[in-house]
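Reading the structure
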Amino acid sequence: MTNTAQTLDLDVVDAYLREHLPGYEGPLEADKFETGQSNPTFLLKTPKQNYVLRRKPPGVLLKSAHAVDREFRVQSALADTDVPVAKMHLLCEDDDVIGSAFYVMEHLNGRNFYQPTMEGESNETRTAVIDEMNRVLAALHSVDIEAVGLSDYGPPGNYYERQIGRWTKQYRASETDSIPKMDALIEALQASIPADDGQRTLVHGDYRIDNMMFEKNGTRCLGVLDWELSTIGHPYADLAAVIMQWQMPPGKEGRGMAGLDRASLGLPTDQEFIAKYCERRGLAGIDNFGFYLSFNFFRMASIIQGVYKRALDGNASNPERAMRLGGFVKVFAEHGLTALKS
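Everything quoted here is computed from the prediction, not taken from an experiment.

Things to note about the overall build of the protein chain
- A count of helical and extended segments in the protein chain gives 12 helices and 9 strands.
- For the protein chain, the C-alpha radius of gyration of 20 Å lies close to 20 Å, the compact-globule estimate for 342 residues.
- The buried share of the protein chain, reckoned over its 342 residues, is 54%.
- Counting every atom, the protein chain has about 15200 Å² of accessible surface; 49% of that belongs to carbon and sulfur.
- Each charge class in the protein chain can be summarised by its mean position, and for the 36 positive and 47 negative side chains these summaries are 2 Å apart.

Here is the structure:
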């Protein structure tokens with residue numbers, strides 16, 4: 001059975017862009033990006049310029065998942081802020097065109113770091129890139145959501161309460177086997193939600209270095225990518241997502257920095273990164289950070305379970321990797337329980 005998430009009908013896309021995208025000229029070629037497990041993403045190549053197309057995967061999808069319309073909206077809203085994003089060109093919500101909704105955006109001609117260790121780069125580059133990552137995160141959480149028209153981009157109320165509820169439902173909908181430690185983590189998180197401190201900001205939802213594009217020969221961020229999980233919520237969720245990633249093992253699968261001598265690589269400690277973020281946002285510090293870290297391990301475990309379920313159903317964007325990821329759900333649940341106790 002052909003997985004239609006892996007291909008595009010180029011004749012249909014070409015005809016649609018000729019009609020709806022000013023300045024577009026064919027002929028058209030397309031390559032699918034290997035990264036990205038949720039919304040299949042394609043590089044559209046023409047003699048004049050390149051574009052990027054992101055689409056919902058085909059098939060039966062979980063409610064509220066793969067919201068490319070939200071990705072398009074939030075990046076459009078951030079166009080004139082201090083948060084770098086790609087230029088949005090068009091949104092097509094008609095499933096009949098290519099089989100699912102999609103949007104087309106600017107192709108950022110930069111470089112992407114798959115791991116925070118940035119193998120082959122100098123210590124000076126590593127230090128500058130991570131500091132830029134910190135700057136952009138603080139800028140994101142400082143966006144005036146009313147001024148950019150995003151005050152209704154997420155519901156009111158305690159962000160963590162609704163997020164834990166949402167991802168528990170998503171996890172149950174994708175559950176394939178019983179994982180006792182995941183059940184224990186869900187119960188523990190529900191009992192540990194901090195009181196609402198009044199912070200209500202735009203959050204990315206999957207903020208990490210491989211979701212950022214940097215200058216080819218510099219360290220300035222050209223754009224933050226993959227806004228599918230963005231909403232209005234609590235900023236510490238994004239900050240803890242960075243630290244969560246760093247606590248993973250180094251290498252292609254873990255993509256973290258656990259056990260490394262960071263100082264020798266020009267990389268900050270978790271505490272140094274958090275302190276710099278607090279300085280940029282004028283915060284005295286962050287209490288109960290273990291909860292925010294645990295929450296991120298839980299959410300990632302739920303996401304991975306969904307990716308694994310789509311692989312079993314034949315709808316994964318990268319089936320081979322999705323099947324491997326399925327084994328990490330238990331690992332993330334264990335890390336979540338450990339973080340909550342720290």
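Some words on the environment of Ser174
- Assignment of secondary structure puts Ser174 in helix α5 (residues 159-174).
- Its relative accessible area of 3% is what places Ser174 among the buried residues.
- Between the alpha carbons of Ser174 and Val143 there is a distance of 34 Å; along the sequence they are 31 residues apart.

Things to note about the environment of Arg208
- Within the secondary structure, Arg208 is located in the loop between β6 (201-203) and β7 (212-214).
- A sequence separation of 56 residues divides Arg208 from Asp152, and the C-alpha atoms of the two residues are 25 Å apart.
- Discounting residues that sit within four places of it in the chain, Arg208 has contacts with Met133, Gln245, Arg255 and Met300.
- Within the structure, the side chain of Arg208 is placed 3.1 Å from the side chain of Asp210, a separation counted as a polar contact.

Focus: the sheet that holds strand β2 (residues 41-45)
- Spatially, the 5 strands line up as an open sheet ordered β1-β2-β3-β5-β4, and their pairing is antiparallel. The two strands at the open ends of the sheet, each matched to only one other strand, are β1 (29-32) and β4 (88-92). Taking the axes of each pair of neighbouring strands and ignoring which way they run, one obtains an average angle of 20 degrees across the sheet.
- When β2 meets strand β3 (residues 50-55), the two strands line up antiparallel, connected through 5 bridges. Within the sheet, the bridge partner assigned to Thr41 lies in β3 and is Arg54.
- Docked against the sheet, helix α1 (residues 10-20) engages β1, β2, β3, β4 and β5 (102-106), running at close to 115 degrees with respect to β4.
- Against the sheet, helix α2 (residues 68-77) touches β3, β4 and β5, its axis set at about 155 degrees to β4.

Focus: the pairing of β2
- Across the 5 residues that make up β2, a large majority, 4, are buried.
- Strand direction decides the pairing type here: β1 and β2, joined by 4 bridges, are antiparallel. Paired with Ala30 across the two strands is Leu44, which belongs to β2.
- Taken together, β2 and the strand that follows it, β3, pair antiparallel across an intervening segment of 4 residues.

Some remarks on the confidence of the model for the protein chain
- On average, residues of the protein chain carry a pLDDT of 92, and 94% of them reach 70 or more.
- Low pLDDT, under 50, characterises residues 1-5; the predicted model gives this stretch 10 contacts beyond four residues in sequence or across chains.

Focus on the packing of aromatic side chains
- Applying the stated criterion across every chain, the model contains 14 aromatic pairs.
- Seen in terms of ring centroids, Trp246 and Phe273 are 4.9 Å apart; in terms of plane orientation they differ by 75 degrees. Their pairing is edge-to-face. On the criterion of sequence distance, the pair formed by Trp246 in helix α7 (residues 236-246) and Phe273 in helix α9 (residues 270-281) is long-range, its members being 27 residues apart.
- Grouping aromatic residues by their ring pairs yields a cluster made of Tyr159, Tyr160, Tyr236, Phe289, Phe291, Tyr292 and Phe295.
- The aromatic ring of Tyr153 is capped on one face by Arg70, whose charged end is 3.9 Å from the ring centroid.

Details of the packing of α5 against helix α10 (residues 289-313)
- Put simply, α5 and α10 touch, their axes get as near as 9 Å, and they point 25 degrees apart. Taken as axis vectors, α5 and α10 run roughly parallel relative to one another. Where α5 crosses over α10, the handedness of that crossing is left-handed. Every residue of α10 that contacts α5 at Tyr159, Tyr160, Gln163, Ile164, Trp167, Thr168, Tyr171 and Ser174 is listed here: Phe291, Tyr292, Phe295, Phe298, Arg299, Ser302, Ile303, Gln305, Gly306 and Lys309.
- Tallied by class, residues from the contact of α5 with α10 come to 10 nonpolar, 6 polar and 2 charged.

What about the packing of α5 against helix α6 (residues 180-190)?
- The contact between α5 and α6 brings their axes to 11 Å, and the two run at 165 degrees. Regarding the angle of α5 to α6, the classification is roughly antiparallel. Of the two elements, α5 crosses α6, and the hand of that crossing is left-handed. Taken together, the residues of α6 that come into contact with α5 (itself represented by Ile164, Thr168, Tyr171 and Arg172) are Met182, Asp183, Ile186, Leu189 and Gln190.
- Residue composition of the contact of α5 with α6, by class: 5 nonpolar, 2 polar and 2 charged.

Observations regarding empty space enclosed by the protein
- Using the criterion set out here, one finds 1 cavity of 30 Å³ or more in the structure.
- Of all elements in the fold, only α7 and α10 reach the threshold of two or more residues within the lining of the largest cavity.
- Looking at the lining of the largest cavity element by element, the count peaks at 4 residues for α10.

Digging into the nonpolar core
- Counting residues in each nonpolar core, the largest one holds 76 residues, and the members touching the most others are Val83, Leu202, Trp227 and Phe298.
- With 12 residues, α10 is the largest single contributor of residues to this core.
- Those residues in contact with Trp227 that lie beyond four places of it in its chain are Glu71, Val74, Gln75, Leu78, Val83, Val85, Leu140, Tyr153, Leu202 and His204.
- If you look at the next biggest cluster of nonpolar residues, it comprises 17 residues, including Leu21, Leu28, Leu53 and Val97.

Conventions we followed
Residues numbered from 1 in each chain as written. Predicted model: local features only at pLDDT ≥ 70, side-chain atom pairs only at ≥ 80, totals over all residues. Heavy atoms only, no water. Helix = DSSP H or I, 4+ residues; strand = E, 2+ residues; numbered from the N terminus. Rg over C-alpha atoms; globule rule 2.2 N^0.38 Å. Buried < 20%, exposed > 50% of the residue type's maximum accessible area, 1.4 Å probe, protein only. Areas by Shrake-Rupley, 256 points an atom, 1.4 Å probe, with all protein chains shown as cover. Lys, Arg positive; Asp, Glu negative; His and termini not counted. Charge placed at Lys NZ, Arg CZ, Asp CG, Glu CD. Contact = heavy atoms within 4.5 Å. Polar contact = N/O pair within 3.5 Å; in protein donor to acceptor, adjacent residues only side chain to side chain. Pairing = 2+ DSSP bridges. Axes fitted to C-alpha atoms, helices over the stretch in contact; angles between N-to-C directions. pLDDT = per-residue confidence, 0-100. Phe/Tyr/Trp six-rings, centres within 6.5 Å; stacked < 30°, edge-to-face > 60°. Lys NZ or Arg CZ within 6 Å of the ring centre and 35° of its normal. Parallel < 35°, antiparallel > 145°, perpendicular 65-115°, else oblique. Left-handed = near helix turned anticlockwise from the far one by under 90°. Nonpolar A, V, L, I, M, F, W, Y, C, P; charged D, E, K, R; others polar. 1 Å grid on protein atoms, 1.4 Å probe; cavity = no way out; pocket = protein on both sides within 12 Å on 5 of 7 lines; lining within 4 Å. Points joined across faces, edges and corners; volume = space filled by probe spheres on them. Core = buried A, V, L, I, M, F, W, Y, C linked by side-chain atoms within 4.5 Å.

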